[in-house]
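Structural overview
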Amino acid sequence: MSKGKIAFVTDSTAYLSKELQQHPDVYVVPIVVISEGVEYEDGVDLSSEQLYEIIRTNKQVPKTSQPNVSKFEELYEHLKQKYDSAIAVHISNKLSGTISSSLAGKEQAEFEVEIVDSYSLSHAITTLIYKGLQLTEKMDNVKNIANELREEAKRSRNLILLGNLDQLYKGGRMSGAQFLLGNVLQIKPILSINEEGELKLLERVRSEKKATNRIIDLLKQSSDNHTIKQVQIMHGNVLNKANELKAKINETIPNLEVIVGEISSSLAVHAGEGTLAMIWHEEKQ
């Protein structure tokens, strides 16, 4: 075991590129998706295609559950044999209890793990993992690296455009009156995860076209005031719409790199099919 070797741990709400999927020092603990009494591990025995089919056909809305403490304990016991420490970057503590499971798992395994709250999800976690891997090339103090990532987490920005209101209504997060009014008026809510990691309604916009133009305007405002190297478009089974949004961003902000990817099954349970999200990072000056 080499001195100061650090593992990186996350959960399946993160978007993992092929590079990270194959990285020997990156490990993923799956979120649990529950449908009609059956439990699935996100990304292990449940694909996004299967999840959307469940949503369309089952009367009961699927639910998600944080990974069991034993899953983290088992992983950290394994990592103890190969690493000196680990950094775990997870979905916002305000959106899931995953961090508490990870914390309990590390305590039971008696392994040094720095827990980092991303205050977000999806590609925001991906960005932090990439930055963490880069930092390991410059320093080997796990606490210093984790503190850097905690600061970087505050610079993440996002906008979420729900594909439809069905999933919020079925999941009990919207009243029947709100659901009916929203559909009749074609209201497209724009959501955002704030700096405290809470999901909030940012704006209500009439029509999908206006909502798309609005989120591009908000991205442009951020790019005018900060250094942004890349924006990620995460979609819920609507690659064509994601590519259309990418083309519009390329027209508005020509020098900005745009990455397109799909949200995980555990996120699709709540966001629903048709959702588009933009995630970017305002770089440190």
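Residues numbered from 1 in each chain as written. Predicted model: local features only at pLDDT ≥ 70, side-chain atom pairs only at ≥ 80, totals over all residues. Heavy atoms only, no water.

**Describing the overall build of the protein**
Of regular secondary structure, the protein possesses 11 helices and 13 strands. Its C-alpha atoms give the protein a radius of gyration of 19 Å, within 12% of the compact-globule value 19 Å for 285 residues. Expressed along its principal axes, the backbone C-alpha trace of the protein runs to roughly 60 × 50 × 30 Å. Across the 285 residues of the protein, 49% fall into the buried class. In the protein, the proportion of contacts linking residues at least 24 apart, taken out of those at least 6 apart, comes to 75%. (Helix = DSSP H or I, 4+ residues; strand = E, 2+ residues; numbered from the N terminus. Rg over C-alpha atoms; globule rule 2.2 N^0.38 Å. Buried < 20%, exposed > 50% of the residue type's maximum accessible area, 1.4 Å probe, protein only. Contact = heavy atoms within 4.5 Å.)

**Topic: the side chain of Lys 188**
Of note, Lys 188 is situated in strand β9 (residues 187–193). One buried charged residue, Lys 188, forms no salt bridge at all, with the nearest opposite charge on Glu 208 at 4.3 Å. A distance of 3.4 Å separates a polar atom in the side chain of Lys 188 from the backbone oxygen of Leu 162. (Lys, Arg positive; Asp, Glu negative; His and termini not counted. Salt bridge = Lys/Arg side-chain N within 4 Å of Asp/Glu carboxyl O. Polar contact = N/O pair within 3.5 Å; in protein donor to acceptor, adjacent residues only side chain to side chain.)

**A few points about empty space enclosed by the protein**
Tallied over the full model, the rule gives 2 cavities of 30 Å³ or more. Roughly 60 Å³ of internal volume is contained in the largest cavity. Lining the largest cavity are Leu 161, Leu 162, Gly 163, Lys 188, Glu 208, Thr 212, Lys 241, Gly 274 and Leu 276. Considering only enclosed or pocket space, the second largest cavity measures out at about 30 Å³ in volume. (1 Å grid on protein atoms, 1.4 Å probe; cavity = no way out; pocket = protein on both sides within 12 Å on 5 of 7 lines; lining within 4 Å. Points joined across faces, edges and corners; volume = space filled by probe spheres on them.)

**Examining the sheet that holds strand β8 (residues 156–161)**
One open sheet accounts for 6 strands, arranged β10-β9-β8-β13-β11-β12; its pairing is mixed. The sheet terminates laterally at β10 (199–206) and β12 (257–262), the two strands that pair on one side only. Strand after strand, the sheet turns through a mean of 20° between neighbouring axes, direction not considered. In this sheet, β9 lies alongside β8 in antiparallel orientation, the contact comprising 2 bridges. Residue pairing across strands places Ile 160 opposite Leu 191, the latter belonging to β9. (Pairing = 2+ DSSP bridges. Axes fitted to C-alpha atoms, helices over the stretch in contact; angles between N-to-C directions.)

**A few points about the UniProt feature "coiled-coil region" (unreviewed entry) in the protein**
Per the UniProt record, "coiled-coil region" (unreviewed entry) is found at residues 132–159. In residues 132–159, helix accounts for 61% and strand for 14%; the two terminal C-alpha atoms are 24 Å from one another. (UniProt positions renumbered as here; feature names shortened; annotations may be inferred.)

**Considering the packing of helix α3 (residues 69–79) against helix α4 (residues 98–109)**
It is at 7 Å that the axes of α3 and α4 come closest, and there the two elements cross at 45°. Judged on the interaxial angle alone, α4 and α3 are oblique. Relative to α4, α3 is oriented so that their crossing is right-handed. On the side of α3, the interface is formed by Val 69, Phe 72, Glu 73, Tyr 76 and Glu 77, while α4 contributes Thr 98, Ser 101, Ser 102, Ala 104, Gly 105, Lys 106, Gln 108 and Ala 109. (Parallel < 35°, antiparallel > 145°, perpendicular 65-115°, else oblique. Left-handed = near helix turned anticlockwise from the far one by under 90°.)

**Looking at the nonpolar core**
As a rule of thumb, soluble globular proteins bury nonpolar side chains together. One finds Leu 219, Val 231, Ile 233, Leu 245, Ile 249 and Met 278 to be the most contacted residues of the largest nonpolar core, which totals 22 residues. The set of elements that each furnish at least two residues to this core consists of β8, α9 (208–225), β11 (230–235), α10 (239–252) and β13 (276–281). Broken down by element, this core gets its largest block of residues, 5 residues, from α9. With residues up to four places along the chain from it excluded, the contact list for Leu 219 reads Val 231, Ile 249, Ile 253, Leu 256, Met 278 and Trp 280. Leu 46, Ile 91, Leu 162 and Leu 191 belong to the second largest nonpolar core, which has 21 residues in total. (Core = buried A, V, L, I, M, F, W, Y, C linked by side-chain atoms within 4.5 Å.)

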